[in-house]
Amino acid sequence: MDTYLLEMKHITKKYGENTVLKDMELHVKPHEIHALLGENGAGKSTLMNILFGMPVIQESGGFEGEILWDGKPVQIDSPIKAMEVGIGMVHQEFMMIPGFTVAENIKLNREPLKKSVLGKVFGKNLSIVDFDQMERDARAALKQVGMDIDEKTLMGELPVGHMQFVEISREIDKKNVKLLVFDEPTAVLTESEAKVLLKIMRKLADQGIAIIFITHRLGEVMDVADHVTVFRDGELVDSMPIGETSMAEIAEMMIGRKMGAPFEKSVPVVKEDVPYAVELKDFAVDMPGEQSKGVSLQVKRGEIFGLAGLAGQGKLSIANGIMGLYPSTGKLFINGEEIHHITPQKILERKCAFVSEDRKGTGLLLDNSIEANIAIAAIKVQKKYIHKFGPFSQVDKRKARKHALEMIEALDIRCTGPAQYTRRLSGGNQQKVCVARALSLDPDILLVSEPTRGIDIGAKRLLMEYLVKLNQERGMTIIITSSELAELRSVCDRIAIIYDGKVEGILPATASDHEYGLYMMGLESGGKGRSEAEHE
Amino acid sequence: MQEKSTARLKAVIKKYNVVIFFIILAIAAYIVSGVAPTVFLQEIASRFCRNTFQVLALIIPVIAGLGLNFSIVIGAMAGQMAVIHTVSFGITGFPSFLVSVLISTPLAILFGFLVGKVLNKTKGNEMITSMILGYLANGIYQFIYLYLIGTAIPFPDKSMMNDNGIGIKSSLGFDGTFRYSLTDVWNTTLYDFVLIAGIAALVCVVIYLIRAFMKKKKSGIPVRIAQYIGCAVIAVLAVFLIILRQVSFQAQFVMKFVKFPLSAVICILLLCLFNTWIFKTKLGHNFRAVGMNQQVAMVSGINVNRTRIIAMILSTVFAAWGQIIRLQDIGTMNTYSAHEQIALLAVAAILVGGASVVKASNKNALLGIILFHAIFAVSPQVGTALFADSQVGEYFRVFLAYGIIFVALAMNAVQQAKQSKERKR
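Conventions used here
Residues numbered from 1 in each chain as written. Chains lettered and ligands numbered in written order. Predicted model: local features only at pLDDT ≥ 70, side-chain atom pairs only at ≥ 80, totals over all residues. Heavy atoms only, no water. Helix = DSSP H or I, 4+ residues; strand = E, 2+ residues; numbered from the N terminus. Buried < 20%, exposed > 50% of the residue type's maximum accessible area, 1.4 Å probe, protein only. Contact = heavy atoms within 4.5 Å. Areas by Shrake-Rupley, 256 points an atom, 1.4 Å probe, with all protein chains shown as cover. Phe/Tyr/Trp six-rings, centres within 6.5 Å; stacked < 30°, edge-to-face > 60°. pLDDT = per-residue confidence, 0-100. Buried area = accessible area lost by both parts, 1.4 Å probe. Salt bridge = Lys/Arg side-chain N within 4 Å of Asp/Glu carboxyl O. Polar contact = N/O pair within 3.5 Å; in protein donor to acceptor, adjacent residues only side chain to side chain. Nonpolar A, V, L, I, M, F, W, Y, C, P; charged D, E, K, R; others polar. Pairing = 2+ DSSP bridges. Axes fitted to C-alpha atoms, helices over the stretch in contact; angles between N-to-C directions. Expected span 1.5 Å × (residues − 1).

**Observations concerning the overall build of chain A**
- Helix and strand counts for chain A come out as 20 helices and 22 strands.
- Within chain A, the fraction of its 536 residues that count as buried is 53%.
- A sequence separation of at least 24 residues applies to 67% of the contacts in chain A between residues at least 6 apart.
- When the accessible area of chain A is evaluated, it comes to approximately 24100 Å², of which 52% is carbon and sulfur surface.

This is the structure in structure tokens:
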């Protein structure tokens, strides 16, 4: 009974001087859903890269330790080898070709071939691909997962939620697969989709496939996992069956300190009769997939204001529209002054700063250092950190570095130093750099979008605490857009629920769950039901 | 209903905007130039037969994600090297064509392999790299044929060498040796070609009908009906041309006058068929996968670098053969510059046909070469007619070729930016 399918023993991995994994252990049995937990940057991804033989490991000097498969040592030095052994991976960022059909993606590089003379003589590369068979296989695999998707649609046209299931179909279509790695599979799914996914995972495990489940959602772990292994800072903390632990204990192991009571903001600082910092009148933003269609609201000076709503309802577009990143119509007032023809420059000049939800796209210069990322906006907009020599100017590197070091300290950015490239940072630390940059503008109004998307509990808490501190100490007005309602309710004074591009209602943080639920689904004003909301 | 059809028309125009623009330009240029129809058709026909093979050589690298392969220049050099040596052995006629192909193939495979290796090290900058590699190879080629021949490498045919016995002459004529070695295998007139094509189309329709009848598949019937109609249109067109011959003496005259080397056309058709076939194979499927996303292809176990090298080898070999086809038809060769414009012209032609840096097909190549050379052929006359100076037309040629490439690259960049924006949704 106690035979392990996979054993990874004494795994140590260094990137240059930086040790990211130290003497790591992982033991996985067949029929088991094995949850892998740890903060961002704890080394989960690196361990999985080693397991999957990704080239990045070889290119950076390999690793120490050994991998046992079915009790025998194996050398996994390429993804191809990993596949041959029977390891499949459901990636966090989809490994799909948008220009291929669903069927082509599922059968990628495992295409069924027609028998032909040329194929026999010159090998399988010159055999004709049997597209009919391919579609039949794909349909069967999709059926096993329980998804009703047309296998002939182009991947790029599928909704994000479905792509995950196509990935799973692809992995189980590999007949020899014995171990499946799910890397944060539920991060992009809606709640109902996530439930379906967990069910499928259970089903696959019952069929004898071992599953490694990486996630940040502890609730899911408690629901579905059999065994849990916790990492912290590249080291093994503990590994135990799920029955012997609790959610609180796991969370504690992950961040390595006792969790206090759920985060509570002390007292709202907003008085009744303060002027508005931001006022929107019939504000509509044309942001693809997140349109808002006429939002009117007022944010008081010194307030922490939340924007909530389901994905696709338009909450993200508001901050983007205010910053002038997407075209908008309607009126925008900042500190009572109407802004015509909104451009990012104008808004920044009025002491507003923005932390984008799109860290890697508009958020960061990935191939620049942390200090450059932090300083760039302030250099451009406010001419900070600059030496003047008559008509010429030059960046004052020393001042910029000093500021960067302060920020790294204040926000606890885990890095090798201010000169490290932001591409190398984990998601949570990249987010902190984004916040640091916005703060170096010394703004009066701070817009933050999805600050905690894809980052771990520790970093989340620290960020939120920091935002509250800014609000209370500097009187900064903060507008937070987030999909995580609980998080908004812990820090905001008031929360506007966006539904179908409009404000469905504005609630105080203390309103009941029931009330929030109704507003989120657009039911309060007799709007449409959930199913349609999801459809959009 | 009206609105719907207008919308559809708009979509079609948007999709084929490049092609439509150049069709209009070609027609306008033809009218303005006042060139006789015989001359016009002859120019297009002979340019079509000379250049299409090399344009088709561009398709595989585009699909495999290597962009427009400017290094077909290197393939062309392999072809020229083969031709020089074949002629120096004193081989003539069709055998000289075959021997050239035979010699050029291993050379082109080697060159393609080397280029592929380099391009694998410079991912993301394939086009500029391939262009610079072309210039680099040009230097090496000149060094060998200007200096090493006659000094380090013995060369049998003194008449092809410079007077001092070192290096090949800068201009070579192949009259009576290599010239028309392929063309003369089956040279015919445009009139006969249309006749043959018409009969072939009819045969195709009959075979198609018989096969459809045998299969009796119920699915996809509308598609098949559309295909029948397509074939029928070709057949009717051919019949119409035959009738035209009865009716109009002038049309008959024009078509009988225009020479049309069918043997070259057959080579072109074979390459078209090869392209179609290869994209149905596992290898072709890998080309597409690698072209669309290397990362995903690699994780799926496709050997990305190897696939890219194979694409480069195929393209280089076809470019070499294309150069041989071209040279035997032209009959003379500027030893040190015959290859220089190859890539530019081929790339411009395929872009005119509606291809892009990431998408190309046989259709693009065939249509592009006809349109591009229609404009290219008459532009000196257009210059004369409009500005009373044929030199202006010459400038226009250069402007046209570079302009097309520039516009295509710019459009591609805009499109990519749009796509990445859409992906963020």
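**Observations concerning the packing of aromatic side chains**
Residue and element names in this part refer to chain B.
- Under the counting rule described, the total for this entry stands at 14 aromatic pairs over all chains.
- Relative to tyrosine 145, the ring of tyrosine 141 has its centre 5.2 Å away and its plane inclined at 40°; by these criteria the two rings are tilted. Of the two residues, tyrosine 141 and tyrosine 145 both sit in helix α7 (residues 126–148), four residues apart, roughly one turn of that helix.
- Taking relative accessible area as the criterion, tyrosine 141 reaches 3% and is therefore assigned buried.

**Here's the deal with the side chain of histidine 339 of chain B**
Residues and elements named next belong to chain B.
- Summarising the element assignment, histidine 339 is placed in the loop between β4 (332–334) and α15 (342–352).
- The exposure class of histidine 339 is buried, given its relative accessible area of 0%.
- Look past the residues within four positions of histidine 339 in its chain and what remains in contact with it is Val73, Ala76, Met77, Gln80, Asn138, Tyr141 and Gln323.

**Comments concerning the confidence of the model for chain A**
Residue and element names in this part refer to chain A.
- When pLDDT is averaged along chain A, the result is 80; 89% of the residues meet or exceed 70.
- By mean pLDDT, helix α20 (residues 530–535) is the weakest element of chain A at 37, and strand β20 (residues 477–481) is the strongest at 90.
- Counting contacts from residues 257–263, a segment whose pLDDT is below 50, to residues more than four positions away or on other chains yields 10 contacts.
- Of the regions scoring below 50 in pLDDT, residues 526–536 engages in 17 contacts with residues more than four places distant in sequence or in other chains.

**Overview of the interface of chain B and chain A**
- If you look at the interface, chain B gives 22 residues, while chain A gives 29 residues.
- Of the roughly 2400 Å² buried between chain B and chain A, counting both surfaces, carbon and sulfur atoms make up 68%.
- Counting the surface chain B buries against chain A, the share from its top three residues, Lys282, His285 and Val299 of chain B, is 27%.
- On inspection of chain B and its partner chain A, the count reaches two salt bridges.
- Here glutamate 104 of chain A and arginine 288 of chain B are joined by a salt bridge, their closest N and O atoms 2.5 Å apart.
- Between the two partners, chain B and chain A, sit eight residue pairs in polar contact (both at pLDDT 80 or more).
- When contributions to the side of chain B that touches chain A are tallied by element, the ones reaching two or more residues are α11 (262–278), α12 (282–292) and α13 (294–299) of chain B.
- Along the lines of polarity and charge, the residues of the side of chain B that touches chain A split into nine nonpolar, seven polar and six charged.

**Re the sheet that holds strand β14 (residues 328–334) of chain A**
All names here are of chain A.
- Spatially, the four strands line up as an open sheet ordered β12-β11-β14-β15, and their pairing is antiparallel. Of all the strands in the sheet, just β12 (292–300) and β15 (337–338) have a single pairing partner and so form its edges.
- Sheet analysis places strand β11 (residues 276–285) next to β14, joined by six bridges and oriented antiparallel. Bridging from a neighbouring strand, valine 278 pairs with isoleucine 334 of β14.
- Against the sheet, helix α11 (residues 315–322) contacts β11, β12 and β14, and its axis sits at roughly 115° relative to β11.

**Details of unusual backbone geometry**
Residue and element names in this part refer to chain A.
- Phi angles above zero are rare outside glycine, and aspartate 23 is one such case at about 50°.
- By the element assignment, aspartate 23 lies in strand β2 (residues 18–28).
- One non-glycine residue, aspartate 282, lies in the positive phi region at around 50°.
- On the secondary structure map, aspartate 282 appears in strand β11.

**Brief notes about the confidence of the model for chain B**
- Residue-level pLDDT values for chain B average 84, and 87% of them are 70 or greater.
- The lowest-confidence element of chain B is helix α9 (residues 221–247) of chain B, averaging 64 in pLDDT; the highest-confidence one is helix α4 (residues 59–63) of chain B, averaging 95.

**Focus: the pattern of salt bridges**
All names here are of chain A.
- One pass over the full model with this rule turns up 25 salt bridges over all chains.
- Note that glutamate 135 and lysine 152 form a salt bridge whose closest N and O atoms lie 4.0 Å from each other. With glutamate 135 in helix α6 (residues 131–145) and lysine 152 in the loop between α6 and α7 (160–173), the pair connects residues that are 17 residues apart, well separated along the chain.
- Note that aspartate 442 and arginine 474 form a salt bridge whose closest N and O atoms lie 3.1 Å from each other. Here arginine 474 lies in helix α17 (residues 457–474) and aspartate 442 lies in the loop between α16 (427–439) and β19 (445–449), a separation of 32 residues in the sequence.
- Several salt bridges converge on common partners, so that one network encompasses Lys107, Arg110, Asp137 and Asp173.

**A look at the sheet that holds strand β8 (residues 210–214) of chain A**
Residue and element names in this part refer to chain A.
- Read across the open sheet, the six strands follow the order β6-β7-β8-β3-β9-β10; overall the sheet is mixed. In this open sheet, the two strands that pair with only one neighbour each are β6 (87–90) and β10 (235–241). Neighbouring strand axes in the sheet, compared pairwise and without regard to direction, differ in orientation by 20° on average.
- Relative to β8, strand β3 (residues 33–37) is paired through four bridges, and the arrangement is parallel. The residue of β8 that forms the bridge with histidine 34 is isoleucine 212.

**Some points on α7 of chain B**
Residue and element names in this part refer to chain B.
- For α7, with 23 residues, the first-to-last C-alpha span of 31 Å sits near the 33 Å given by 1.5 Å per residue.
- All of the buried residues along α7 are Glu126, Thr129, Ser130, Leu133, Gly134, Ala137, Asn138, Tyr141 and Tyr145.
- Those residues of α7 that are buried are in contact with α5 (72–88), α6 (93–121), α14 (304–330) and β4.
- After α7 finishes, the residue glycine 150 shows a positive phi value of roughly 95°.

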